[in-house]
Every structure is written in structure tokens, then in C-alpha cells.
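# Chains, contacts and geometry: an overview
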Amino acid sequence: MTVLKARNPLALRDPSLFIQTAVLNGQQVHAASGKTFAVENPSTERVIGTCPDMDAGDARLAIDTAYSTFENFRNTSPVERSEMLSRFCALLTDNAEDIARLVTLENGKAYTDSLSEVKYSASYLRWYSGEALRCSGQTIQSSLPGVRNFTIKQPIGVCALLLPWNFPIAMVARKIGPVLAVGATCIIKAPSETPFSINALVELAHRAGVPAGVINVVHTEASLQAIGEELCTNPKVKKVSFTGSTRVGKLLMKQCSGTLKKMSMELGGNAPFIVFEDADIPAAIAGVLASKFRTSGQTCVCANRIFVHSSIYEAFAEKLALEVRKFKLGDGFEEGVTHGPLIAKRAAAKVQEHVDDAVAKGAKILVGGAIRHGSFYPPTLLRDVPISCLISEEETFGPLAALMKFDTEEEVIALNVGMVGANQGIISQAEVPFGGVGESGWGKEVGLGAMGYSMAANLRSKIPKESKLFIFDVYKPTLDKFAEAYSGQGPIIIAASAKEAAEEAEVIISIVPEGSHVRSVYLDKESGVLAAPSIQKSAKTVIDCSTIDVLTSSEVSQAFSEASPSSFFCDAPVSGGTRGAEAGTLTMMIGIAKDDSHYGQVAAVLEKMGKNLFACGGPTLGLVTKLSNNYLSGLIAIATAEAMNLGMRHGLDAKTLSDVFNVSTGASFINANCNPVPGVTPGSPPSNGYQGGFKVQLMKKDFTLAVEAAHHIGAKLMLGEAGLKTYEGASEDPKCRDLDSRVVYRFIGGKE
């Protein structure tokens, strides 16, 4: 056994990310006993480093730390937690190469796979930075006169997160994303195989501003059962999240029953992959390669059994074998390597056991089929695998693709499963609830299963009765929930695609979680909004409330203006959080217009919500709620950022931008054609407990973002900078910092 010794033995860009301790209350600590265990690189069998071998007493101290920290962290604002997660996501992206290197060293997977895992992990942090602002309760109609019913959501408390080694970074992000979003705290029980990448990720969380004690990490090799029992039985722990085997999951559930803890568990699987006779064979083969051989088959959603219709079986097997032979087995850092070793020799031995059992019962080896050395097992393809074999009964958890022949649909279709991918080999996304059924899982994690449903009901009162509502979304349960909330208001059509919905709609309000999805919804030539024939013929009003970057917004708006010159496209990302949505206020809405008349057009659209409405993207329906709750608030800030950022890209000169800015921030908010802004328009009700639409501190932040956006494209936002200086002065004055900002609006609007 070789031990690495050097000042920067892992050749990281930032050596401080190599942490060989546990993390408790923000400090790097060792086990009370002083014991450690060695962590090996499965590819070279060399020791990477050592970690504390902690016991139940160390875990109890971590629980106490998380418990005491919770009382303060639960009171942080959704905006604060959202910004923490955004910074965390940015730091993870910035340090992607180091984190990926740690994953490959510990786990053995190919470096390209590790980089993909980092990107996948960042998507969870990005998603939950938005969800932090959308965790709201619900108002429920009362059957008793004078009684108001409502629900609120509160952070659950201390969470125990028991992590696997196969996706160490992704599983941390998936589990701590919601913990941070809602204001809970946690103890991470890291896998002994991959502790260093998890330590590095937690270090980035602290650099992002996550307070000490919110995330605590314990490591162990010898006391795994004792620490697991402490986390499951300690009454201070309120939730346990586990990813691992069904056998261990059952044990944890039994231990948690004594304190009736909330649980979510992703357990073992035996997923089928079904190829029917009319399948696109190249596409199906690509799906098999992605689903079966990702991370050398060491994932819980890997296709364990591949059923192929008898009419295409021979051709499919031959073509799949050609592709599998192209894989390259080796050290994860070697150029061209697609698959590294399995996590341990015992894992390779299990794959060999499954191969030998299948061959003994009649299967034939097309590719691979034998251990190379150590824990290296080549991507393997078997054909003519019988149903009665170990592969059908157990999860292989290795690079073994087993082809099974079938003749009728009845032989293979069984819908008692947790997740289904149709013409899609990889189905895990941050936006979609993840989990199995039966003995493959308990509960769901991430996506819409956790937050956001109640927002759909709030939109009901904002759309005039008898309006024809078109809805499109990629996740059917969201549509069902929205349809339920909208029931009785008017006709509702669940469209098969964005194109179908946009064809009939006069007003399109899109709410899409991230840039890549936005491009698909608008720009896909077959099914996107711009593919609708009516886009070319009639004027549409489009209000895009997606959580996207400026460049994506510019790309979409440019494509829309070229495809439908008579339409009006308004880019309106919305923020403000749950309290803003409940109070009818909006921290900031940004957009673009070519002349003043468009502001009236948007205001009118928002006022009546159109005859036909197209809502896209159930995960963020809360944005529509905020948009429709306060028609004019967003218009006040429209030109602040996008007039310079997008406006200059669309050829608007400085005077036009100045005029637009003056109109949007000055005269527009007293326009009689628009609904009153709570706390700003005379005679309107107070908003959020204060008289005035926006507090000085909030507007200072928004103006800062606007000025930075202008500087980014080399522009000078003179009115914005003047407004920012005014807000900065007001924020430093104790008498002004919590007052409303009407004086600044008057200043910017040319009234003072």
C-alpha cells in the first residue's frame, strides 16, 4: 500500500479544498478518540489521505451543534438563504475542476463523468436558490362564518443526511439544497469511500456564507452502525434522508420509528429498459448506453434488465455490441477513458457472480465478461439472458447490460414504479421529484414534491372567469394540481407542447426554471412557442418570468422579434420572496419596451390577464402569482436594468432609454389605467406592514444590480447611478433606512 506525501499531493488548483477532518460548528475537527481511517484511490490502490474515525459520541456532539444553531438559522429570511445558495452554486461552478478531481480520486469514475456530476450538482443548488423564495403556505376556504383558515410551512429542524459514495457531490447538493432553502440544519454522515469531495463541498458552502453549525460532517469506518443508530434515535433529529440499500433502509426505518421521524429514502432498484418493435434503434441504443453504463453502472436507476422485442432483437444486440466495444477502461484521468474501476473489489466480484450465473443458465457473452485486475470490470454485454437468474432478482450495480427477448407488451409492462422515462435514458432532474416505490424507496426528494404546489391555487382569483386557459408542463402531477386549483373558473386545456398552447393563446406568460429549458420552450423548431403558425400571423403579448440569465433572455427576445415582429416580448424575471407574494409587492421586475405605449399594453394585459392565457412551467407558478398580484410594481423598475442591458442590444439610444426609465419609474405608477400599487399609489392599502412600496434597503440592492448590469456591457446608467447614490445615502441614515422610497421615485422621475 502506497501513501501519497507532498505539499499538494492531489494537484488541486486550491489545495485548501483537500480537508482530512470532520466539520463541526464550522471548525475542522478530529475524532475524540484520535482514531483515523485511510481512504484509497480504487484505480491505483494508493492511499489518498486519512479521515477521523468517529463514534456515536462525536455524532451526538454534531447533533447538539445543529440543534442549537437551528434556533438562529430558522429566522434568516428567504432572500438571505436564496442568496447563500446562489453564491454556493457559483463557487461550486468556479471550483469544478478541483471538485471533479477529488471525486475521480476517491470514486474512480472517469474525470469527464466527475465534471458532469459537478454540473448536475450545481443544478440542485440553483433550483433551491429559487425554491427558497417559494416555500409559502395556503389560505383555505372556511365553512364557519368569520373564521379564516390558513397553513404555514416551517423548517423541520435538524436533519440527518446519510450519503452514498456513487454520486457524493450530487447527493450532498440534492439533500442540503432543501435544508438550506427552508432554514433547517443538518448532520452529514459521509461515506468512508468518498469523504474528501464532501468536505470540499461543505467548505465551499461556508465560503458562500452558510453560518457555522448549519452543516456538520461526521466520518466513520468502524462505527457505521453506532452512528447510524444515534442519528435515527436521537430525539433532536427530526428528519432522516438516506440513499443506499433496501436492507439498510429497513433497519433505519425501524430505528426511526421510536421517535416517529420524517423519512425519505432512495433505496435499491432493478429498473427495466424496454425497446419495442417500432423503436428508433439508434436512439434506443443511446438511451441504453446512458442509462446502463453511466458511472460504470453504479447508480440506483441503472437499467438492470434490457427487454428487446424479438423482431428487432438480433439487429439491436449487434449494434449495441459495436457501441459497447468502443468504451475504454482505465484510470479516470487517462485521456479517452470512459470507465474507471468499480468502487471496490467486492463490487467487481458481485458483477462476476451475476455474469457467471447468467451464462450457466444459457446467456452468451457478447462483450467483456471477466474481471481485469483489482476492481476494474469492463463494460459487459450479455444476450439471451433468462428471466430466472440473479440479474432479475438483485441489483447488479455494475457495468453489466443483460439483453432479454420479449414478444408481447403484456410480458414487460408493469407501471408500479417510481419514475418512468419515455424515449429518455436519464430521468433525474432538479425540478422532478425523485424516488422509488415499494422496497425501492420511501417518499420523494427534490422537485415539486417538496414545495410550490400551493402557489397554483393563488392564481385562480387573478384570471377572469370564463377565460380559456392553456397549460403546458413537462411534469404531469403539476398540471393535475394546477387543474384542480383552477377548477370552476373556466375552460382549461392541457396542451401536449408549448407550440400547441401558444397557437391559441393571445397572452403567453412563461415561467421556466432555467436557461436550457427556456430555449427549448421557445426555440425548439418542432414543439416550441415560435413553431406555432399563429405566431407568424397575429400579434401576441409575451411576458417571460423565467429564471434565466441576460444572454439567454436576449437570445429568446431577439428570436421572438424576428419571428413575430408585431408581437410584444417583455422579459420579466421576478424576485421578492414569499412575503412579497403574499403582500402583493414585488422587489423587482425588469423588462424591455420600444416605446411608452408598450407599458400601457403590459399594464392592461396584467390587469385583465387576457382572454386566453398560456402558463408554462408549473415549478415556478409562484412567479405568476407575484406578477398578477401587483400589476404595476414591476413596471416601476422595468427600465432600471434591462433598458440598458437589453435595450442597448436592441439598438435603443441613450435618450430613449432615459425617457423609458423616467416613464417607468415616475409617471407610470400614477397611471389611471393601471391598478394601484399597495403602499405607493395614494389611497392604496399598506403593504407588508409599512407605508411605501419598497424599503430603501431593497431598492438599494436592486439599483446596485442594475448599475452592475450596465457596467457589464460597457454602458453607463446615469439615472440608475444617481438613484443608487440617493439610496446609499438614505440607507446610511438611521431615520431613513426603513422608510419608503417615494422621494427617490420623484427624484428619478424628474419631479425633484
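Owing to the predicted nature of the structure, the values given are computational and were not obtained by experimental measurement.

Moving on, we come to a negative patch on the surface. Taken together, the side chains of Glu277, Asp278, Asp407, Glu409, Glu410 and Glu411 present a region of like negative charge at the surface. With respect to the helices and strands, the residue Asp407 is situated in the loop between strand S16 (400-406) and helix H13 (409-412). Classification of Asp407 by relative accessible area gives partly exposed; the value is 48%.

Let's shift gears to the nonpolar core. In terms of nonpolar packing, the biggest core is built from 58 residues, with Phe88, Leu92, Ile176, Leu180, Cys186, Ile188 and Ile215 touching the most fellow members. Once residues lying within four places of it in the same chain are set aside, the contact partners of Ile215 are Val23, Ile176, Leu180, Cys186, Ile188, Val202, Ala205, His206 and Val210. Core analysis: the next-biggest nonpolar cluster, separate from the first, contains 24 residues, Ala31, Met54, Ala59 and Cys256 among them.

Helix length check: helix H1 (residues 56-73), at 18 residues, gives a terminal C-alpha distance of 25 Å against a target of 26 Å (1.5 Å per residue), a fit within 8%. The set of residues buried in H1 consists of Ala56, Asp58, Ala59, Ala62, Ile63, Thr65, Ala66, Thr69, Phe70 and Phe73. If you check the start of H1, you find a side-chain oxygen 3.1 Å away from the backbone N of Gly57, and it comes from Asp55.

Along strand S3 (residues 36-40), the buried face is formed by Phe37 and Val39; none of Thr36, Ala38 and Glu40, which line the opposite face, is buried. Sheet topology note: the S3/strand S4 (residues 47-52) ladder contains five bridges and is antiparallel. Looking across to S4, one finds that Glu40 is bridged to Val47. The hairpin turn running from S3 into S4, its antiparallel successor, is six residues long, and Glu45 in that turn takes a positive phi close to 60°.

Right, let's talk about the sheet that holds strand S13 (residues 303-309) for a bit. Pairing is mixed in the open sheet, where five strands are placed in the order S12-S13-S16-S15-S14. Looking along the sheet, the strands with just one partner apiece sit at the ends: strand S12 (271-275) and strand S14 (364-367). Taking the axes of each pair of neighbouring strands and ignoring which way they run, one obtains an average angle of 30° across the sheet. Pairing analysis gives three bridges linking strand S15 (residues 380-383) to S16, with the strands arranged parallel. Bridging from a neighbouring strand, Leu382 pairs with Ala402 of S16. Here helix H9 (residues 281-293) sits on the sheet and contacts S12, S13, S15 and S16; the angle it forms with S12, its principal contact strand, is near 170°.

Enumeration over the complete set of coordinates arrives at 14 salt bridges. As a salt-bridge pair, Asp384 and Arg383 come within 3.0 Å of each other at their nearest N and O atoms. Using a relative accessible area of 24% as the deciding quantity, one classes Asp384 as partly exposed. Judged by relative accessible area, which is 14%, Arg383 ranks as buried. Each of Glu314, Lys364, Arg383 and Asp384 takes part in salt bridges that share partners, so that together they form one network.

Position of Gln298 among the secondary structure elements: in the loop between H9 and S13. Taking the relative accessible area as the measure of exposure, Gln298 reaches 1% and is therefore buried. With sequence-adjacent residues up to four places away left out, Gln298 is seen in contact with Trp165, Asn166, Phe167, Pro341, Leu342, Ile343 and Phe397.

Below, the discussion takes up the packing of aromatic side chains. In this structure the tally under the stated criterion is six aromatic pairs. Ring centres 5.0 Å apart and planes at 75° place the aromatic pair Phe18 and Phe196 in the edge-to-face group. One end of the pair, Phe18, is in the segment before strand S1 (22-24); the other, Phe196, is in helix H6 (residues 195-207), and 178 residues separate them in sequence. Of the two residues examined, Phe18 and Phe196, each falls in the buried class.

Each value, and the rule that gives it
Residues numbered from 1 in each chain as written. Predicted model: local features only at pLDDT ≥ 70, side-chain atom pairs only at ≥ 80, totals over all residues. Heavy atoms only, no water. Patch = residues over 30% accessible without salt bridge, like charges linked within 9 Å, V, L, I, M, F, W, Y side chains within 5 Å. Areas by Shrake-Rupley, 256 points an atom, 1.4 Å probe, with all protein chains shown as cover. Salt bridge = Lys/Arg side-chain N within 4 Å of Asp/Glu carboxyl O. Lys, Arg positive; Asp, Glu negative; His and termini not counted. Charge placed at Lys NZ, Arg CZ, Asp CG, Glu CD. Helix = DSSP H or I, 4+ residues; strand = E, 2+ residues; numbered from the N terminus. Buried < 20%, exposed > 50% of the residue type's maximum accessible area, 1.4 Å probe, protein only. Core = buried A, V, L, I, M, F, W, Y, C linked by side-chain atoms within 4.5 Å. Contact = heavy atoms within 4.5 Å. Expected span 1.5 Å × (residues − 1). Polar contact = N/O pair within 3.5 Å; in protein donor to acceptor, adjacent residues only side chain to side chain. Pairing = 2+ DSSP bridges. Axes fitted to C-alpha atoms, helices over the stretch in contact; angles between N-to-C directions. Phe/Tyr/Trp six-rings, centres within 6.5 Å; stacked < 30°, edge-to-face > 60°.

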